[in-house]
Amino acid sequence: MKITFYGHNTLLIKVNDIHVLIDPFITDNPLSKDKVNINDIKTDYILLTHAHFDHVQDAEAIAKSNGAVIVSNYEIAMHYQNLGIKVHPMNHGGSWDFKFGKVKYVNAIHTSSFADGTYGGQPGGFLIEGEHKTIYIAGDTALTMDMKLIPLTTKLDLAILPIGDNFTMGIDDAIIASDFVECDKVLGVHYDTFGYIEIDQNEAKRKFFEKDKDLMLLEIGDSIEL
Ligand code: NI
Ligand code: MN
């Protein structure tokens, strides 16, 4: 499984030779808009954690140019189906075996509305299992006891957690989240994009290191291989 970071919560995952894009937000992301061209992104699926602008901005354009399937909660899926896009609706606690692997939509504590204020269902995160690896994409969320449910059924190889604070967990709560999901290997996301979520990256890495955990922070365009 190869995971490429395109800034904020935007990730391109290659698993079983299929491309899965997460939460595409590039056009108005000041950190990635000059580094990533959405016309160059090739994907088969687009997974959306919730409807906020900083997670779905480029979903419609990329889905249409690629003929990609959008996977999200029921309300978000219907929104895109009405725009003529192929969708696969899910809801919390449900799993599905896609061609690339198994996906489960899990709880997040956050809100979910489209930029025009219309309802975007309840926000979530994803467990993605493929090539004998399993990752957790928390999406935008607070630290929540529901995270303790994940290791009851799933052994994670990587937890992708928001660390920017203000709109989501900050670093200290993300460290506890890593305990809750029983995964010490963390990829940090949702930081530095705007003033509200700027962090001290060295301090964040030090705090994880002191708890015997590994916090990875990728440059935009860089990848990790599991
Ligand atoms: Ni959000
Ligand atoms: Mn967000």
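Given the structure is predicted, the values throughout are model-derived calculations rather than measurements.

(A) Focus on the coordination of the manganese ion (ligand 2). Donor atoms from the polypeptide that bind the manganese ion (ligand 2) are Asp54 (OD), His55 (NE2), Asp140 (OD) and His190 (NE2), placed at 2.1 to 2.2 Å. The sequence pattern describing where the donors of the manganese ion (ligand 2) fall on their chain is D-H-x84-D-x49-H. For the pair the manganese ion (ligand 2) and the nickel ion (ligand 1), the metal-to-metal distance amounts to 3.2 Å, and Asp140 bridges them. Assessed through its relative accessible area of 0%, His55 is described here as buried.

(B) Main features of the packing of aromatic side chains. Under the definition given, this model contains eight aromatic pairs. With a centroid separation of 6.4 Å and 50° between ring planes, the pair formed by Phe25 and Phe194 is classed as tilted. In this pair, Phe25 sits in the loop between β3 (18–22) and β4 (45–47) while Phe194 sits in the loop between β12 (185–189) and α6 (201–210), placing the two residues 169 residues apart along the sequence. On the accessibility criterion, Phe25 (1% relative accessible area) is buried. Both rings, one in Tyr45 and one in Phe100, keep their centres 4.8 Å apart while their planes meet at 65°; by these two values the pair is edge-to-face. Of this pair, Tyr45 sits in strand β4 while Phe100 sits in the loop between β7 (95–97) and β8 (102–107), placing them 55 residues apart in sequence. Like Phe100, Tyr45 is buried. These aromatic residues form a ring-pair network of at least three members: Phe25, Phe53 and Phe194.

How each quantity is defined
Residues numbered from 1 in each chain as written. Chains lettered and ligands numbered in written order. Predicted model: local features only at pLDDT ≥ 70, side-chain atom pairs only at ≥ 80, totals over all residues. Heavy atoms only, no water. Donors = N, O, S within 2.8 Å, 3.2 Å for Na, K, Ca; no water. Buried < 20%, exposed > 50% of the residue type's maximum accessible area, 1.4 Å probe, protein only. Phe/Tyr/Trp six-rings, centres within 6.5 Å; stacked < 30°, edge-to-face > 60°. Helix = DSSP H or I, 4+ residues; strand = E, 2+ residues; numbered from the N terminus.

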